[in-house]
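Here is how the chains run, residue by residue.
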Amino acid sequence: MSTLFGWFRDGAARHAELPAIEVAGQTVRYRELLDLVERLAGRLVAAAGRRPAAVGLLAGRSLAGYAGYLAALRLAAVVVPLHPEAPAARNTRMCRSTGVEVIVADDAGSAQLATLAAQTGAAALELPAVRRTPWYWSLDTPPWSEPYGGRTDAVAYVQFTSGSTGEPKGVPIRHRNFVDYLPFCLQRYDCGPGARFAPALELSFDASVFGMFVPLCTGATLVVPGPEDVLAPPRFVTARGITHWISVPSVISMAHRQGTLPPASMPDLRCSVFGGEQLTFDQARAWSAAAPHSTIDNQYGPTELTIGCTGYRLPPDPARWPDIPESAVPIGPIHPHLDSVVLTEAGLAGTEGELCVRGSQRFDGYLDPADNTGRFVHFDGHRAIGCDAQVVPADAWYRTGDRVRVGADGVMVHLGRLDQQVKVRGHRVELGEIESVLRGHPAIHDAVVLAVPDAAGTQTLHAVYTGKLVDPAELTAAAAQRVPPHLRPPQDPHVHQLPANANGKGDRPAMKSLFVLP
């Protein structure tokens, strides 16, 4: 067994002279990246005054972000990814709850760095990518010389997901959660020298760990796309010789709407991995037409199950794609090293119901043990019973909250959420979190937030509220104080009374009819 940093270090030793990362016009070889990481680790220790137990990463897809992630792992510290565009109050809560002692920020995070440092007491380390004097040129700190002390049972990173109470939930993922997952991915995705991976994923999104370590453990090259590249994938893929593309499916919809995804525009792309939200057949057809020689892999998995726990690869010939009633591509069978069971409402094993999973990728429980309540079950082969222990047993099953149907071949189709949790641009969103923010406005009596698919199938968030009429800009500003950009409802219609059904409950379908989307 090894650790994430151990896998990277071993790969860097084997492929020292190969290009490891290409980002913002810079190419860094494996030996250069490893040296950079060792020196940055020394700078982290100097900034904190000791080896930090946890490092906040307030960075985008930059060399500082990737090197900072690896440097924290080199120190056997816990990585806490922070979104530079998220409200400072949210990032502050994350830092405090994880005991962050030093915060690394690149250009994207520099505006918020001083505020976070002042509110948390953490040391601040800013690594700007100024053209004439980039931070890595002036990194004269000696390499960290102490032996690597990483343990497979230690926490590698803490990812935060949306919570129904308005507070984010911390998900600690240990190095041992990767012991089966990473080798499985290395084999599944044809990695190695010469492969060029383009992960269009922010570091605050847990799938970015897949996009980082799958190439960096194998001698492949991590080629980082910029924001403009994500809007026009073919131009970037062709110009940079990309072999593996990784993103959320909504990227397809955006590119297709803007006319930047013409047929046969990515003839040399050989593997495409999508995850984070439902991949529709319309999206898959548009991508397949643009990249006719690429496999399309649909990956599913909540953060609590270490990025991906199922996967489905569409047949190369679209004529052989499955003919099912649902518009979304199947999520596939459970990975062979994991166990799954589909539970009906009665708690019995069935072919349609809630997907529950256990095994090496299952996390040990939330940062706040109170969040474990209702999220785990015991299953004796016949009936499931709740498991609300503060310390979650290793054999307990994690309740994903996702409703699936499993076929005779073990392939599952995602049928939606059991609750009101949705995926927006790859981020898991609890609608109740946004509702709690809007209800906190003094002029609002009640509010309901809806996820409404547009014509391309991409989920967008909208709110309906009662009370006094509030300027939409004011509501957006209020929500921005508590939730990151992807959680802010872009439209906020005011009504005198929320629509209700015959049972007196909120009629969400009627509310969705208020929106006419292009």
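In this text, all values refer to a predicted model and were calculated from it rather than measured experimentally.

**Some words on the pattern of salt bridges**
Any two side chains of opposite charge can pair if their charged atoms end up close together. Inspection of every chain in the model, using the stated rule, returns 20 salt bridges. The shortest N-O distance in the salt bridge between Glu17 and Arg31 comes to 2.7 Å. Of this pair, Glu17 sits in the loop between α1 (4–14) and β1 (19–23) while Arg31 sits in helix α2 (residues 30–48); the two residues are 14 residues apart in sequence, bridging distant segments of the chain. In this structure, Asp402 and Arg417 form a salt bridge, with 3.1 Å as the shortest nitrogen-oxygen distance. One end of the pair, Asp402, is in strand β19 (residues 397–406); the other, Arg417, is in strand β20 (residues 412–417), and 15 residues separate them in sequence. Overall, the relative accessible area of 6% leaves Asp402 in the buried class. Beyond isolated ion pairs, a larger network of salt bridges with shared partners links Asp153, Arg174, Arg176, Arg362 and Asp364.

**As for the packing of helix α3 (residues 63–74) against helix α7 (residues 207–216)**
The geometry of α3 relative to α7 is characterised by a closest axis approach of 12 Å and an angle of 75 degrees between their N-to-C directions. On the basis of the axis angle, α3 is roughly perpendicular to α7. Across from Tyr66, Tyr69, Leu70 and Leu73 in α3, the residues of α7 making contact are Val209, Met212, Phe213 and Leu216. Considered class by class, the residues forming the contact of α3 with α7 number 8 nonpolar, no polar and no charged.

**Some words on the pairing of strand β7 (residues 155–161)**
Most of β7 sits inside the fold, with 7 of its 7 residues counted as buried. Sheet analysis places β7 next to strand β8 (residues 169–174), joined by 6 bridges and oriented antiparallel. Within β8, the residue paired with Thr161 across the bridge is Lys169.

**Topic: the nonpolar core**
Residues Phe8, Phe213, Trp245 and Trp287 are the most contacted members of the largest nonpolar core, which totals 119 residues. Discounting residues that sit within four places of it in the chain, Phe213 has contacts with Leu4, Phe8, Tyr69, Leu70, Leu73 and Leu182.

The rules behind the values
Residues numbered from 1 in each chain as written. Predicted model: local features only at pLDDT ≥ 70, side-chain atom pairs only at ≥ 80, totals over all residues. Heavy atoms only, no water. Salt bridge = Lys/Arg side-chain N within 4 Å of Asp/Glu carboxyl O. Helix = DSSP H or I, 4+ residues; strand = E, 2+ residues; numbered from the N terminus. Buried < 20%, exposed > 50% of the residue type's maximum accessible area, 1.4 Å probe, protein only. Axes fitted to C-alpha atoms, helices over the stretch in contact; angles between N-to-C directions. Parallel < 35°, antiparallel > 145°, perpendicular 65-115°, else oblique. Contact = heavy atoms within 4.5 Å. Nonpolar A, V, L, I, M, F, W, Y, C, P; charged D, E, K, R; others polar. Pairing = 2+ DSSP bridges. Core = buried A, V, L, I, M, F, W, Y, C linked by side-chain atoms within 4.5 Å.

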